[in-house]
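# Working through the structure, step by step
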Amino acid sequence: MTQPPLTRQIKCLEAVLDQQLFSRSTHDVSLTDAGRALVGKAEKILEDLNALKTGSLSSEGKLRIGLTRTLDFEFIEPVNNQLIRLEAGDDIETPNLTSAQLLQCLAKNTLDLVLTGEKGTGHEDTIHYRRVCREPLLMAMPASHPASLKEKVTLKDVCDLPLFWFARSANPSFYDKCESYFDGLHFSLRRVKEPDDSLVMLTHIARGKGFALMPQSKCTFNLEGLCYRELTDDESQKLNIDIYAATRLNDNRETVLYAQDMLCNSNLSA
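My aim in this report is to walk through the structure given alongside it, one point at a time. Sequence positions are assigned chain by chain, starting from 1 and proceeding in written order. For a predicted model such as this one, the threshold for reporting local features is a pLDDT of at least 70, and the threshold for listing and counting side-chain atom pairs is 80 or more; totals across whole chains, interfaces and linings nevertheless cover every residue. Side-chain numbers here rest on the full set of heavy atoms in the structure, without hydrogens or water.

Of the positions making up helix α9 (residues 254-263), those classed as buried are Val256, Ala259, Gln260, Met262 and Leu263. The buried residues of α9 occupy an angular sector of 160° when the element is viewed end-on, so they sit on one face. Against the buried residues of α9 lie α4 (77-85), β4 (113-117), β5 (127-142) and β11 (240-248). Per-residue accessibility, obtained with a 1.4 Å probe over protein chains only, is compared with the maximum for each type, and a residue is labelled buried under 20%, exposed over 50%, and partly exposed between these values. Starting at the N terminus, helices and strands are each numbered in turn, a helix being any DSSP run of H or I of at least four residues and a strand any DSSP run of E of at least two. Note that the arc is defined by the directions from the helix axis to the C-beta atoms. Residues are treated as being in contact if the distance between any of their heavy atoms lies within 4.5 Å.

Quick look at the structure:
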């Protein structure tokens with residue numbers, strides 16, 4: 001706003017309040033006592049409006065819950081049952097957000113609770129995590145590969161194929177967890193960029209162009225030439241996704257704590 005309309009707005013406000021808000025001289029403009037009092041009241045009003053928009057209404061209504069796109073919670077039955085009990089299904093509008101993006105929303109108070117794959121990084125002082133369950137990883141691989149004849153497979157079995165892999169920014173904690181295991185392997189593991197569309201990636205796999213490690217709940221797409229196999233017990237203990245229910249550290253509302261308790265008692269804590 002330029003100076004003339006701003007001056008007119010101030011004069012209108014002073015006329016409405018019948019009080020002088022600014023002391024003016026040729027060299028200086030400063031608040032009067034009435035002006036300083038108005039600033040304090042205005043700041044309180046703005047804080048209350050912001051609370052109505054992002055905080056207090058949610059404590060009386062439904063929780064704003066975010067789910068990571070990495071997992072399909074409809075196929076993690078105990079967790080899905082608890083989400084249904086919380087009546088969260090119709091209000092969840094975060095199908096395209098990664099765990100990292102959800103945690104940013106939580107920190108900004110646009111969500112009350114999020115289910116993430118692994119603990120996030122960079123929010124240790126503001127976010128509280130409680131473990132919900134562990135999601136196994138399956139190997140999506142070409143049905144034509146000799147290792148597909150096995151009931152359980154290892155990375156060594158398919159090291160002749162490239163691994164479709166994601167960018168670290170999508171989920172730094174999960175990425176680092178897997179890379180730490182990869183670094184200890186006694187063979188090289190070639191990686192190629194994971195396509196943005198998972199169906200495109202699975203089509204490539206069905207054609208023998210690589211393999212992928214996918215959450216079990218996401219292994220629902222059937223295609224000729226594509227198969228899913230469990231990892232061996234040893235590898236599955238290292239390669240998996242720990243799911244956490246995350247809330248803001250200072251959020252002690254009963255509805256939020258109750259929801260977190262429900263999700264963390266989904267009988268999937270193994």
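We now examine the nonpolar core. With 45 residues, the main nonpolar core has Leu155 and Phe182 as its most contacted residues. With residues near it in sequence (within four places) discarded, Phe182 still touches Leu155, Leu163, Trp165, Leu189, Arg191, Leu213 and Leu239. Leu138, Cys219, Leu226 and Tyr228 belong to the second largest nonpolar core, which has 12 residues in total. Only buried Ala, Val, Leu, Ile, Met, Phe, Trp, Tyr and Cys residues count toward a nonpolar core, and they belong to the same one when joined by side-chain atoms within 4.5 Å.

So, about the packing of aromatic side chains. Here is the rule: rings of Phe, Tyr and Trp (six-membered ring for Trp) pair when centre to centre is within 6.5 Å. Planes less than 30 degrees apart are stacked, more than 60 are edge-to-face, and the remainder are tilted. For the structure shown, the criterion picks out six aromatic pairs. Geometrically, the ring pair formed by Tyr129 and Tyr244 is edge-to-face, given 6.1 Å between the ring centres and 85° between the ring planes. Here Tyr129 is found in strand β5, whereas its partner Tyr244 is found in strand β11, with 115 residues between them in sequence. Like Tyr244, Tyr129 is buried. Ring geometry for Trp165 against Phe166: centres 4.7 Å apart, planes inclined by 50°, an arrangement best described as tilted.

With that settled, the discussion passes to unusual backbone geometry. One non-glycine residue, Asp18, adopts positive backbone phi at about 55°. For Asp18, the location among the structural elements is in the loop between α1 (3-17) and β1 (22-24). The phi angle at Glu118 is positive, at roughly 75°, despite the residue not being glycine. Tracing the backbone shows Glu118 in the loop between β4 and β5. Judged by its relative accessible area of 9%, Glu118 is buried.

So, on to the side chain of Thr32. By the secondary structure assignment, Thr32 is in the loop between β2 (29-31) and α2 (33-54). On the basis of relative accessible area, Thr32 is assigned to the buried category, the value being 13%. Apart from the residues lying within four places of it in its own chain, the contact partners of Thr32 are Gln20, Leu21, Phe22 and Ser23.

Moving on: a nonpolar patch on the surface. A cluster of nonpolar side chains, Leu13, Val16 and Leu17, forms an exposed patch at the surface whose accessible area comes to about 260 Å². Following the sequence through the fold, Leu13 ends up in helix α1. With relative accessibility at 37%, the residue Leu13 sits in the partly exposed group. To count toward a patch, a residue needs a relative accessible area above 30% and no salt bridge. Like charges then connect within 9 Å, nonpolar side chains (Val, Leu, Ile, Met, Phe, Trp, Tyr) within 5 Å. With residues, only the protein chains shown are counted as cover, and all accessible areas are computed by Shrake-Rupley using a 1.4 Å probe. Here a salt bridge means any side-chain nitrogen of Lys or Arg lying within 4 Å of a carboxyl oxygen belonging to Asp or Glu.

Moving on: the pattern of salt bridges. Taken as a whole and assessed by the stated rule, the structure comprises 18 salt bridges. In this structure, the salt-bridge partner of Arg36 is Asp33, at a minimum N-O distance of 2.4 Å. Placement of the pair is Arg36 and Asp33 together in helix α2, with a separation of three residues, close to one helical turn. As a salt-bridge pair, Lys177 and Glu118 come within 2.8 Å of each other at their nearest N and O atoms. Placement of Lys177 in helix α6 (residues 172-183) and of Glu118 in the loop between β4 and β5 is noted, with a sequence separation of 59 residues between them. Connected through shared salt-bridge partners, Arg64, Asp112, Arg248, Asp251 and Arg253 make up one network.

Let us look at helix α7 (residues 198-206). Within the span of α7, buried status applies to Met201, Leu202, Ile205 and Ala206. With its buried residues spanning 140° around the axis, α7 presents them on a single face. Where α7 is buried, its residues touch β5, β7 (163-165), β9 (212-215) and β10 (226-231). We call two N or O atoms a polar contact when they sit within 3.5 Å, provided that within protein one can donate a hydrogen and the other can accept it, with sequence-adjacent residues counted only if both atoms are side-chain atoms. For α7, the N-terminal cap is Asp197; the gap from its side-chain oxygen to the backbone nitrogen of Leu199 is 2.9 Å. Downstream of α7 by a residue or two, Gly208 has a phi angle that is positive, lying close to 85°.

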